[in-house]
Amino acid sequence: MSIYDLHITYKVNLERKASLKNALVKGLRREKQNYREVRAIRGVSFDVPKGQCTGIIGANGAGKSTLMRAVAGILPPTSGSITIDGKVSTLLALGVGFNSALTGRENVMLGGLAAGLTRAEVNEKFDEIADFSDLGDFIDMPMRTYSSGMFSRLAFAVAVHMNPDILIIDEALSAGDAKFKDRANAKMAELMDHAGTMLLVSHALGTIQNLSDEVIWLHKGRLIKRGDPKLVCDAYLEFLKVGDESIVMEDV
Ligand SMILES: Nc1ncnc2c1ncn2[C@@H]1O[C@H](COP(=O)(O)OP(=O)(O)OP(=O)(O)O)[C@@H](O)[C@H]1O
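About the cut-offs
Residue positions are given per chain, counted from 1 along the sequence in the order it is written. Two thresholds apply to this predicted model, a pLDDT of at least 70 for residue-level local features and 80 or more for giving and counting side-chain atom pairs, whereas whole-chain, interface and lining totals are computed over all residues. UniProt positions are given in the numbering used here, feature names are shortened, and annotations may be inferred rather than shown by experiment. Working rule for contacts: place C-beta from the backbone, and if it is within 6 Å of a molecule or strand, that residue counts as near it. Comment: elements are numbered from the N terminus, with helices defined as DSSP H or I runs of at least four residues and strands as E runs of at least two. The residue classification treats Ala, Val, Leu, Ile, Met, Phe, Trp, Tyr, Cys and Pro as nonpolar and Asp, Glu, Lys and Arg as charged. All others, Gly included, are polar. With C-beta atoms placed from the backbone, a residue is buried if 20 or more other C-beta atoms are within 10 Å of its own, exposed if 12 or fewer are, and partly exposed between those counts. Contact between two residues is assigned whenever their backbone-derived C-beta positions fall within 7 Å. A set of buried Ala, Val, Leu, Ile, Met, Phe, Trp, Tyr and Cys residues, joined through C-beta atoms within 7 Å, is what we mean by a nonpolar core. Here a strand pair is declared whenever DSSP counts at least two bridges between the two strands. A fitted line through C-alpha atoms serves as each axis, taken over the contacting stretch for helices, and the angle formed by two N-to-C directions is quoted from 0 to 180°. Per-residue confidence from the prediction method is given by pLDDT, with values spanning 0 to 100. When describing relative orientation, an angle under 35 degrees is termed roughly parallel and one over 145 degrees roughly antiparallel, while 65 to 115 degrees is termed roughly perpendicular and anything else oblique. In this scheme the handedness of a crossing depends on how the near helix is turned from the far one: anticlockwise by less than a right angle means left-handed, clockwise means right-handed.

The chain goes by ABC transporter ATP-binding protein in an unreviewed UniProt entry, where it is assigned to Tessaracoccus flavescens. The chain has a UniProt comment under Sequence similarities (unreviewed entry) that states "Belongs to the ABC transporter superfamily."

This is how it looks when you write it as structure tokens:
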């Protein structure tokens, strides 16, 4: 997977009422629309070699989720490119795809079909997914009755059973309890053994250091540092203590 000079800018409409009528009236009066631009990703480039896990860290608003959404294909780049070989599976997309009025069982089918599997393939994997999520009878209950931890357990179970070429895992994972986290970590290690490529976003630096081959630190949309997990996490921790002025941009 390769990301080159990626820029993502959100356009936020600051009108109190963003209606078509307002827009037309403004257009007729030749007034400017009241937009604010948020440059969430600013010229980020990096490669993730096949079979490697790259961890993404950074303070709130650094651009981590935006980057993940772009890799998952949910958000188009404003400029630059994202090149991906194969199938991407993501908790983000699955979480979005789930319909909380439907049961867990029905959502497994929905998620599987959305990930490109056939009905027969999902049926074949169903028992394994249900076992992994460990929801018991809840699997036949509407998902609106799930706790957020149960929701993310099912989303994770579906995502990791799709045999993705690239797996994106974000903070959602931390919603599971300790027992589930152990199982999730073991599953991720197994996936990596099968040469899967992974992007892992987390504020839990311990998890990031354990699983990642390389870590990327983002700050205000820019790539600050990239490399050995321990070195990058240490630099980030130092920055959290000292503040903004300690950042020296790296030429990468
Ligand atoms: N839908 C949106 N519309 C406008 N601005 C957005 C939108 N989503 C995110 N942003 C802005 O983009 C920037 C990056 O946000 P993003 O959610 O990617 O950060 P993050 O690193 O995932 O943060 P956190 O650790 O808090 O989850 C922030 O300034 C945020 O306010």
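Trainee: Can you walk me through the site of the ligand in this structure?
Mentor: By nearness alone, every residue bordering the ligand is listed as Tyr10, Val12, Val38, Ala40, Gly58, Asn60, Gly61, Ala62, Gly63, Lys64, Ser65 and Thr66. Residue assignment for the shell around the ligand shows that the elements contributing at least two residues are strand E1 (2-13), strand E2 (35-47) and helix H2 (64-71). Per-element tally for the shell around the ligand: the top contributor is H2, with three residues. Grouping the constituent residues of the shell around the ligand by class yields five nonpolar, six polar and one charged.

Trainee: Just to check I follow, could you spell out the environment of Cys233 for this structure?
Mentor: Along the chain, Cys233 falls in helix H9 (residues 229-242). On the basis of neighbour count, Cys233 is assigned to the buried category, with 20 C-beta atoms found within 10 Å. Considered as a pair, Cys233 and Gly206 are 27 residues apart in the sequence and their alpha carbons are 9.1 Å apart. Setting aside residues no more than four positions away along its own chain, Cys233 makes contact with Ile57, Leu205, Ile208, Gln209 and Val215.

Trainee: When you look at the nonpolar core in this model, what are you seeing that I'm missing?
Mentor: Buried together is how nonpolar side chains tend to be arranged in soluble globular proteins. Counting 61 residues, the largest nonpolar core has Ile168, Leu199 and Trp217 as its most contacted members. It is helix H6 (residues 148-160) that contributes the most residues to this core, nine residues altogether. Among all residues touching Trp217, those that are not within four sequence positions of it are Ile57, Gly58, Ile224, Lys225, Val232, Ala235 and Tyr236.

Trainee: Honestly, the pairing of strand E3 (residues 53-57) in this entry has me stumped. Any pointers?
Mentor: Counting buried positions over the five residues of E3 gives five, a clear majority of the element. The alternating pattern of E3 places Cys53, Gly55 and Ile57 on one face and Thr54 and Ile56 on the opposite face, and all of these are buried. With four bridges joining them, E3 and strand E7 (residues 197-201) adopt parallel strand pairing. Within E7, the position partnered with Thr54 by the bridge is Leu199. Where E3 lies against strand E8 (residues 214-219), four bridges are found, and the strand directions are parallel. Across the sheet, residue Gly55 finds its bridge partner in E8, namely Val215.

Trainee: Before we go on, may I ask you to explain unusual backbone geometry in this structure?
Mentor: Residues other than glycine seldom take positive phi values, yet Asp5 does so here, at roughly 45 degrees. In this structure Asp5 comes out as exposed when scored by C-beta crowding, with 12 C-beta atoms within 10 Å. Look at Asp134: it is not a glycine, yet its phi comes out positive at around 55 degrees. With respect to the element layout, Asp134 can be found in the loop between helix H5 (119-133) and H6.

Trainee: Help me understand the sheet that holds E1 in this model?
Mentor: Two modes of strand pairing occur in sheets, parallel and antiparallel, and in both the strands are linked by backbone hydrogen bonds. Pairing within the open sheet is antiparallel, and its three strands lie in the order E2-E1-E4. Two strands bound the open sheet, and with one partner strand each, they are E2 and strand E4 (79-83). Ignoring strand direction, the axes of neighbouring strands in this sheet form an average angle of 30 degrees. Most of the contacts of H2 go to E2, to which it runs at about 70 degrees, and overall it touches E1, E2 and E4.

Trainee: Explanation requested: the confidence of the model for the chain in the structure shown.
Mentor: Parts of the model with low pLDDT should not have their predicted coordinates read in detail. Predicted confidence across the chain gives a mean pLDDT of 84, with 87% of residues reaching 70 or more. At the level of chain-chain contacts, confidence expressed as ipTM amounts to 0.97, with global pTM at 0.77.

Trainee: Got a minute to help me understand the packing of helix H4 (residues 104-114) against H5 in this structure?
Mentor: Each pair of packed helices gets described by two things: the angle between the helix axes and the distance between those axes. It is the contact of H4 with H5, at a shortest axis distance of 10 Å, that shows an interaxial angle of 125 degrees. Judged by the inter-axis angle, H4 sits oblique to H5. Here H4 runs over H5; the crossing is right-handed. Residues Val108, Met109, Gly112 and Leu113 of H4 form the contact with H5, whose participating residues are Glu121, Val122, Phe126 and Ile129. Taken together, the residues of the contact of H4 with H5 sort by class into six nonpolar, one polar and one charged.

Trainee: How should I be thinking about the packing of H5 against H6 in this particular structure?
Mentor: Where H5 contacts H6, the two axes come as close as 9 Å, and the packing angle between them is 140 degrees. Comparing their axes, H6 and H5 come out oblique. Where H5 crosses over H6, the handedness of that crossing is right-handed. Note on element contacts: H6 touches H5 through Arg153, Leu154, Ala157 and Val158, opposite Ile129, Phe132 and Ser133.

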